[in-house]
Amino acid sequence: SPSPSVRDRAHCNVGTIGHVDHGKTTLTAAITKIQSKKGLAEFLSYEQIDRAPEEKARGITINACHIGYATNERTYAHTDCPGHADYIKNMISGASQMDGAILVVAATDGQMPQTREHLLLAKQVGIQRIIVFINKADLVDEEVLELVEIEMREMLTDFGFDGVNSPVICGSALLALREDNESPFGVKAIEELLKQCDSYIPTPQRDIVAPFILPIDNAFTVPGRGTVVVGTIKRGTIVRNSDADLLGFNQNLKTSVSDIQIFRKSVPQALAGENVGALLRGIKISAVERGMLLCATGSEDISNHFEGSMYLLSRSEGGRVKPMLSKYIQQLFSMTWNVPARIDIVPSEAMLMPGEHGQVRVTLLRKMVMTPGQAFTIRENGATVATGMITQRLP
Ligand code: GDP
Ligand code: MG
């Protein structure tokens, strides 16, 4: 991982996606090799990356390798998965949310089924920026590279990405891994790729700058003062006396934060990551419920209806034996709350077999805040049977 001196740089999450054997892991190894020469990474061999540790996230097993490296501009956390199914679970469960993705396509094959599926999934989970790395350029003629580039730009446009302006780099991960400085496809291509990552994938809005959200864990009354809600600020900065909305369970209450306490001491403001008590003006304790959200006024809204991507756990992952059909009703869990929900598969006559994923419509029995990228799970009798991610709030 990068040395401490670069930890104050802006941070960005990326990953390699694309069809099996197109060179994702080789490219990831090459990036760490080249950055390690500059003291900006620890070299990880192909074998070290591919022997990805198992992650047990919400009842599903994902094999994913998270690799750290830096450029002169930013630090990166890079995800590479060994198998197609791992990508699907990783992206849908939000196990590592990518700010942008490097789509690897072998020039020898062009786009393949998993190239399309990963791109569709990237769109569904809200990844906006794609950089194309046309790999194995050492094996084909110039004209083939040009044709693959045209094909990839058209495909990006078809899937709703910016096919015209997305960077496309031709290279050879294998030559780069061998530290080839002669060929334009070797080290030079990796340097170009990282340059494009720095400039084309925007730094995610810094947590402390965004409008604040505070998921509520607990609430109590301070006699003579009022209601205090307790939780860990997930995003943004709460400043004393700022206006706020208290949202969830059908309620949208206007309030303001008249005091903020950290470890029972009053502070003028508190930042993302801090555990706080917030004294709310004009709110009765009976109106507050664990799972509600306190947020900057007007920054979020409640709804019954959402769209998302969902993965149905297979039987070996502790999931269902039977397929899931539309009009499925179960308890939905997200952040600190759970409410009954109805799941409809899109299109509604479709069904999901255990181990499959698809688009779903979520109808919550009570209006809650769910933002794009927010993860949820569905449980039956205490066992997780599905994991998903919200892509859109519907009116
Ligand atoms: P992944 O499944 O997408 O992670 O692909 P791998 O990185 O495992 O690569 C699949 C195969 O393609 C391996 O045998 C690599 O050595 C080979 N490979 C990867 N990149 C290149 C390249 O640029 N040129 C050539 N000739 N072979 C490559
Ligand atoms: Mg691989």
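Placed above this text is the structure.
Not measured: the values here are computed from a predicted model.

### A few points about the packing of helix α3 (residues 84-92) against helix α4 (residues 113-124)
Running from N to C, α3 and α4 point in directions that differ by 5°, and their axes come no closer than 10 Å. It follows that α3 is roughly parallel to α4 by the angle criterion. Facing α3, whose interface residues are His 84, Tyr 87, Ile 88, Met 91 and Ile 92, α4 presents Gln 114, Glu 117, His 118, Leu 121 and Ala 122. For the contact of α3 with α4, a count of residues per class yields six nonpolar, three polar and one charged.

### Some remarks on the site of ligand 1
Around ligand 1 there are 16 residues in total, and Asp 21, Lys 24, Thr 26, Tyr 46 and Asp 138 lie nearest to it. Backbone polar atom of Gly 23 to an oxygen atom of ligand 1: 3.0 Å apart, as the coordinates give it. In the environment of ligand 1, an oxygen atom lies 3.4 Å from a nitrogen or oxygen atom belonging to the backbone of Leu 174. In isolation ligand 1 exposes 580 Å². Once the protein is present, 80% of that is buried.

### Describing the sheet that holds strand β6 (residues 100-106)
Taken together, six strands build an open sheet; the order of strands is β4-β5-β1-β6-β7-β8 and the sheet is mixed. Looking along the sheet, the strands with just one partner apiece sit at the ends: β4 (65-70) and β8 (168-170). The average undirected angle you get between the axes of adjacent strands in this sheet is 25°. Along the sheet face, helix α1 (residues 24-36) touches β1 (10-17), β4, β5 (74-80), β6 and β7 (129-135) and points at about 155° away from the line of β5. Along the sheet, helix α7 (residues 187-200) makes contact with β4, β5, β6, β7 and β8, crossing β7 at roughly 170°.

### Digging into the packing of α1 against α7
In the contact formed by α1 and α7, the axes pass within 10 Å of each other and the chain directions differ by 90°. Relative to α7, α1 is oriented roughly perpendicular. Within the contact between the two elements, α1 uses Leu 27, Ala 30, Ile 31, Ile 34 and Gln 35 and α7 uses Val 187, Ile 190, Glu 191, Leu 193 and Leu 194.

### Thoughts on the sheet that holds strand β19 (residues 303-312)
What the six strands build is a closed barrel, ordered β19-β22-β21-β20-β23-β24; its pairing is antiparallel. Averaged over all adjacent pairs, the angle separating strand axes in this sheet is 45°, with direction ignored. Of the pairings in the sheet, the one linking β19 to strand β24 (residues 383-394) comprises eight bridges and is antiparallel in character. Its bridge partner being in β24, Leu 312 is matched across the sheet by Ala 386. Along the sheet, α3 contacts β19, β22 (357-368) and β24; its crossing angle with β19, the most-contacted strand, is approximately 160°.

### Here's the deal with the environment of Gln 331
Following the sequence through the fold, Gln 331 ends up in strand β20 (residues 328-334). Separated by 50 residues in sequence, Gln 331 and Asn 381 place their C-alpha atoms 9.5 Å apart. In this structure Gln 331 touches Asn 338, Val 339, Pro 340, Thr 377, Ile 378 and Arg 379, once residues within four positions along its chain are discounted. Of note is the side chain of Gln 331, whose polar atom sits 2.8 Å from the side chain of Asn 338.

Quick notes on the rules
Residues numbered from 1 in each chain as written. Chains lettered and ligands numbered in written order. Predicted model: local features only at pLDDT ≥ 70, side-chain atom pairs only at ≥ 80, totals over all residues. Heavy atoms only, no water. Axes fitted to C-alpha atoms, helices over the stretch in contact; angles between N-to-C directions. Helix = DSSP H or I, 4+ residues; strand = E, 2+ residues; numbered from the N terminus. Parallel < 35°, antiparallel > 145°, perpendicular 65-115°, else oblique. Contact = heavy atoms within 4.5 Å. Nonpolar A, V, L, I, M, F, W, Y, C, P; charged D, E, K, R; others polar. Near = heavy atom within 4 Å. Polar contact = N/O pair within 3.5 Å; in protein donor to acceptor, adjacent residues only side chain to side chain. Areas by Shrake-Rupley, 256 points an atom, 1.4 Å probe, with all protein chains shown as cover. Pairing = 2+ DSSP bridges.

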